[in-house]
Amino acid sequence: MGDSGDVQANEVNPGAIATYLWEAIPASGGTFADPTAKDTTFTANEEGDIELRLVASDGIYQVVASCQVLVSAPPRVMVALSATPAETPAERAVTLTCTSTGAEPATMFDIEQVSGPTITLIPVSEGVVTLTPLIPGTPEFSCVGTSAGGEMSRPATVTVTVTSAGGGR
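Keep in mind that this is a model prediction, so the values were computed, not measured.

Draft legend 1. Representation of the packing of aromatic side chains within the structure. Following the criterion strictly, the structure yields 2 aromatic pairs and no others. Each ring, one from F32 and one from F42, has its centre 5.0 Å from the other, and the planes form 50°; the classification is tilted. You can see F32 sitting in strand β3 (residues 30–32) and its partner F42 sitting in strand β4 (residues 39–44), a full 10 residues away along the chain. F42 sits in the buried class, given a relative accessible area of 7%. By way of ring pairs, the aromatic residues W22, F32 and F42 are connected into one cluster.

Written out as structure tokens, the structure is:
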């Protein structure tokens, strides 16, 4: 909410359209910087499904086009997942670290493997794991954080590139 995005009318015959009118349905869903301009900016005011409608007229005919957008508030709990190093030969260990930001920071983290050759995750501390043994490939990992109030983040992901032994940096 509060984010803005540009919207544009595409004309088949440029200059043939005389008037434009942009509308948000419901009207409380957001506002347009200039609802009568061909190209304008829409700013969302509330969450939910909002229809953006354009009525264009050449003075004789009127065309109505619309699209549905889903506006959602950013999560209150946000996490980031990093790998150190992100590329490594198979004989080296990798540390995954999940950190939290947002209005309600996470106090617990769940790190798991999403894809790739199965790798053992060894907990080091809350939000930190070491990967071993490594198998060449590109495994992907995700982290979900949970705040003290029980609110969960969206998953953050990271991919690690594991090369053959002695083949990395």
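Now, onward.
Draft legend 2. Just the sheet that holds strand β14 (residues 156–159), in detail. Across the sheet, which stays open at both edges, the 3 strands sit in the order β10-β13-β14 with antiparallel pairing between neighbours. Single-partner strands in this sheet number two, and they are β10 (106–115) and β14. Each strand of the sheet is rotated relative to its neighbour by a mean of 25°, with strand direction disregarded. Strand direction decides the pairing type here: β10 and strand β13 (residues 140–147), joined by 8 bridges, are antiparallel. Pairing of E112 across the sheet is with S142, part of β13.

Draft legend 3. Just the sheet that holds strand β7 (residues 78–84), in detail. Pairing in this open sheet of 4 strands is antiparallel, and the strands run β7-β9-β12-β11 from one edge to the other. Edge strands, defined here as strands with exactly one partner in the open sheet, are β7 and β11 (120–125). Going from strand to strand, the sheet's axes swing by 25° on average, the running direction of each strand aside. Note that strand β9 (residues 94–101) and strand β12 (residues 128–132) share 4 bridges and pair antiparallel. Of the residues in β12, the one forming a bridge with V94 is L131.

The rules behind these values
- Residues numbered from 1 in each chain as written.
- Predicted model: local features only at pLDDT ≥ 70, side-chain atom pairs only at ≥ 80, totals over all residues.
- Heavy atoms only, no water.
- Phe/Tyr/Trp six-rings, centres within 6.5 Å; stacked < 30°, edge-to-face > 60°.
- Helix = DSSP H or I, 4+ residues; strand = E, 2+ residues; numbered from the N terminus.
- Buried < 20%, exposed > 50% of the residue type's maximum accessible area, 1.4 Å probe, protein only.
- Pairing = 2+ DSSP bridges.
- Axes fitted to C-alpha atoms, helices over the stretch in contact; angles between N-to-C directions.

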